[in-house]
Amino acid sequence: MLTLMSMFYYICLRRRSRSGTRGEALTSRRAVESGQRAVLPVSVEVDQYAKEVLDFSSHYGSENSMSYTMWNLAGVPNVYPSSGDFTQTAVFRAYGKWWEQCASAPPPFRRTPKGFHSQDYIELGFEEPVYPTAVDVLETYYPGAIVQIMACSHNPFSQNPPTDVRWEVLWSGEPTKVLTPQARQFSPNIKHINFPTNLLRIEVNSSLLDYYTELDAVILRGVKERPMLARYKMPIIDINDLSDSEEELGGPFRQGGEAKRTGNGYFDKLPYELIQLILSHLTLPDLCRLAQSCKLLHQHCCDPLQYTQLSLQPYWGRLKPLHSPPEAQPVLDRQPRSSHPDRLQQLHEGLCQSLSSLELSCCHFLNEPCLEVISQTCPGLQELNLSSCDRLHPQAFTHISKLTRLRRLVLYRTKIEQTAILSVLTFCIELRHLNLGSCVRIDDYDVVASMLAARCNSLRSLDLWRCRNLTDRGLAELVTGCRMLEELDLGWCPTLQSSNGCFQHLARNLPRLRKLFLTANRTVCDSDVEELAASCPSLQHLDILGTRLVSPASLKKLLQACPRLLLLDVSFCSQIDMRVVQELSGLFPNVAIKKSFTQ
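Computed from a predicted model, the values in this text were never measured in an experiment.

1. A short note on the pattern of salt bridges
This model, assessed by the stated rule, comprises 25 salt bridges. A salt bridge links Arg-413 to Asp-390, with the shortest nitrogen-to-oxygen separation between them at 3.4 Å. Remark: Asp-390 occurs in the loop between strand E11 (383-385) and strand E12 (408-410) and Arg-413 occurs in the loop between E12 and helix H10 (418-427); sequence separation between them is 23 residues. One salt bridge connects Arg-508 with Glu-531, and the closest N-O pair in it is separated by 3.6 Å. In this pair, Arg-508 is assigned in helix H13 (residues 502-509) and Glu-531 in helix H14 (residues 526-535), connecting sequence segments 23 residues apart.

2. Some remarks on the sheet that holds strand E18 (residues 567-569)
Strand pairing in a sheet is mediated by backbone hydrogen bonds. Such pairs are either parallel or antiparallel. Here ten strands make up an open sheet; going across it, the order is E10-E11-E12-E13-E14-E15-E16-E17-E18-E19 and the pairing parallel. Lying at the two open borders of the sheet, with one neighbouring strand each, are strand E10 (357-359) and strand E19 (592-594). Each neighbouring strand pair of the sheet contributes to a mean axis angle of 5 degrees, computed without reference to strand direction. Relative to strand E16 (residues 515-517), strand E15 (residues 487-489) is paired through three bridges, and the arrangement is parallel. Residue pairing for E16: Asp-489 is matched across the bridge by Phe-517.

3. Focus: the pairing of strand E9 (residues 214-223)
Taken across its ten residues, E9 has ten buried, putting it largely inside the fold. Two strands pair when backbone bridges link them, and strand E1 (residues 45-49) and E9 are joined in this way by five bridges, in the antiparallel orientation. Residue pairing in the sheet places Tyr-49 in a bridge with Ile-219 of E9. Of the strand pairs in this sheet, strand E3 (residues 90-91) and E9 are connected by two bridges, and their pairing is antiparallel. Paired with Ala-90 across the bridge in E9 is Leu-215.

4. Side note on the packing of helix H11 (residues 445-455) against helix H12 (residues 472-481)
For the pair H11 and H12, the least separation of the axes is 8 Å and the interaxial angle reads 15 degrees. The angle between H11 and H12 places the two elements in the roughly parallel class. For the pair H11 and H12, the crossing hand works out as left-handed. Contact residues: H11 offers Asp-446, Ala-449, Ser-450, Leu-452 and Ala-453, while H12 offers Arg-473, Gly-474, Glu-477, Leu-478 and Gly-481. Each residue belonging to the contact of H11 with H12 can be placed in one class, and the counts come to four nonpolar, three polar and three charged.

5. Re the packing of aromatic side chains
Applying the stated criterion across every chain yields a total of 15 aromatic pairs. Seen in terms of ring centroids, Tyr-60 and Trp-465 are 5.1 Å apart; in terms of plane orientation they differ by 70 degrees. Their pairing is edge-to-face. Taken as a pair, Tyr-60 in the loop between strand E2 (52-56) and E3 and Trp-465 in the loop between strand E14 (461-463) and H12 lie far apart in primary sequence, 405 residues in all. Of the two residues, Tyr-60 and Trp-465, both sit in the buried class. An aromatic cluster is present here, built from Tyr-60, Tyr-68, Tyr-95, Trp-99, Tyr-141, Tyr-142, Tyr-211, Tyr-212, Trp-465, Trp-492, Phe-517 and Phe-597 joined pairwise through their rings. Across the ring face of Phe-517, the terminal group of Lys-515 is positioned such that the distance to the ring centre comes to 4.5 Å.

6. Considering the environment of Glu-45
Following the sequence through the fold, Glu-45 ends up in strand E1. You can call Glu-45 partly exposed: its relative accessible area is 45%. Remark: the alpha-carbon pair of Glu-45 and Val-223, spanning 178 residues in sequence, is separated by 4.6 Å. Residues in contact with Glu-45, not counting those within four places in the same chain, are Thr-133, Arg-221, Gly-222 and Val-223.

7. Details of unusual backbone geometry
Each neighbour pair has its own omega, and for Tyr-80 with Pro-81 the value is 10 degrees, a cis peptide bond. Relative to the assigned elements, Pro-81 resides in the loop between E2 and E3. Although it is not a glycine, Tyr-142 adopts a positive phi angle of roughly 45 degrees. Inspection of the secondary structure assignment puts Tyr-142 in the loop between strand E4 (120-141) and strand E5 (146-152). One non-glycine residue, Ser-388, adopts positive backbone phi at about 60 degrees. Here Ser-388 lies in the loop between E11 and E12. Note on Ser-388: relative accessible area 0%, which makes it buried.

8. Focus on the side chain of Asn-469
Looking at the secondary structure, you find Asn-469 in the loop between E14 and H12. In terms of polar contacts, Asn-469 uses its side chain to reach the backbone amide nitrogen of Tyr-445, at 2.9 Å. If we skip the residues at most four places from it in the chain, Asn-469 touches Ile-442, Asp-443, Asp-444, Tyr-445, Asp-446 and Thr-495.

Conventions and cut-offs
Residues numbered from 1 in each chain as written. Predicted model: local features only at pLDDT ≥ 70, side-chain atom pairs only at ≥ 80, totals over all residues. Heavy atoms only, no water. Salt bridge = Lys/Arg side-chain N within 4 Å of Asp/Glu carboxyl O. Helix = DSSP H or I, 4+ residues; strand = E, 2+ residues; numbered from the N terminus. Pairing = 2+ DSSP bridges. Axes fitted to C-alpha atoms, helices over the stretch in contact; angles between N-to-C directions. Buried < 20%, exposed > 50% of the residue type's maximum accessible area, 1.4 Å probe, protein only. Parallel < 35°, antiparallel > 145°, perpendicular 65-115°, else oblique. Left-handed = near helix turned anticlockwise from the far one by under 90°. Contact = heavy atoms within 4.5 Å. Nonpolar A, V, L, I, M, F, W, Y, C, P; charged D, E, K, R; others polar. Phe/Tyr/Trp six-rings, centres within 6.5 Å; stacked < 30°, edge-to-face > 60°. Lys NZ or Arg CZ within 6 Å of the ring centre and 35° of its normal. Polar contact = N/O pair within 3.5 Å; in protein donor to acceptor, adjacent residues only side chain to side chain.

The following block contains the structure:
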């Protein structure tokens, strides 16, 4: 077999020898015979760092700085090969299983394929389109989160966008837990593709990590001209590449696709509800395939009750254009840029009456008419996720106030303004979970807190991560009116001062509190921690990163008084060194005490 392939490739080289020298042809032939990757004589491998960060789902940092933001992935490494917690790296918003255990965690989508693991992503643009030969990711802290690397045929810096955009998986794997948090260069064996690319998408899953993963740089290696034969071995066809195709996703919903069979055997004798229950356990591609089998099952598979909760996130790379049923189109998560907003307006009125959960995070094609249609046709909607829809106009958010049955609303990293959020809080009084993290256009969070206290007394979780102007007065009104709160994120809120007693007042008024983040508030002191120990026995997650005034003695009192505590982050707490952490970890082995490091 090797001889046969070598002869074939030698013939190809002879035909190309008119444009190349005899020495170059022989060099390429020797590469084939020696088992090395064959590269055309004119191909020169190009190594390039990311030119620009084009899109991402979340980051730890602020929208107005560079510390811990995704924008740090552009350009050459800032930290590598050093290991540790550095502000010059890219850090995602969450890690571990902690966020899944919180009150704000949404229920999992039951139709998510078992092989789909992505939680966050980042898209990077490079200067030169190349045929990729390698991708290197420089991970500087708690590596192992990367689960997929994709390449796109679209040139993000081109003036003429293509009509057809292709995404190909270069590499995919499962979440892993690396034994050491030390820096490494992640260089997976990638798949060869038949188009040049300068747009990569890196998807991560940090659920197995003990702390935040940090990325420093990404290197794309490739050649400018497509190799005639990348390897002498025959290509291996992965059966997974043949499944869940666009045709299969759209097949049962095409006109004229129904079979003319009349006998359905024992299925005719089963109750309608029982068949619906069975089908509810199928993934979306399996549901679409089953719909092609007979008229009866086609009717069951197209029933609106099968689409009350649906995420097309695992299939976003294949939906170009959308071949899924119109009723499934609005229930998207992280859709490709190529989707058109008109698609979202083709909502099936019958299904939308049943729709209860709508995932639209990172949908950059979403516009005001889309939200208006959703507000008019989905009166029963209870969960709406608009996380990182940062291109949505501020005026569009006013339509959310028409969804009066909302219980969960995620507006992380959106451009919502104060007028719109006050309107939402006025009419959506059934809210249980609200995320306003990194909403930098809200002028006065004290007014928002006052409205929450007056209108949303059943609120269970509130995320105010990096809100810039919440004061002690607003926090006092909030905790007095929303006494059912179980989760409160006040991380990186610089205007709150412990000297006014606001954190002690918080602890006394929220006895059901399970999660409290006071990240980077340097004024948190021993009296605050001791009041939490006395008033919040159900506390499970506490983050006091960066405080200088908390002593080991108060932490020990907290650990003794809160037997359910699972997570305690004391990174950059000047009075808590590694010796104290090791001592407390030995006394309370069920608590994950976090203390980051740099070296």
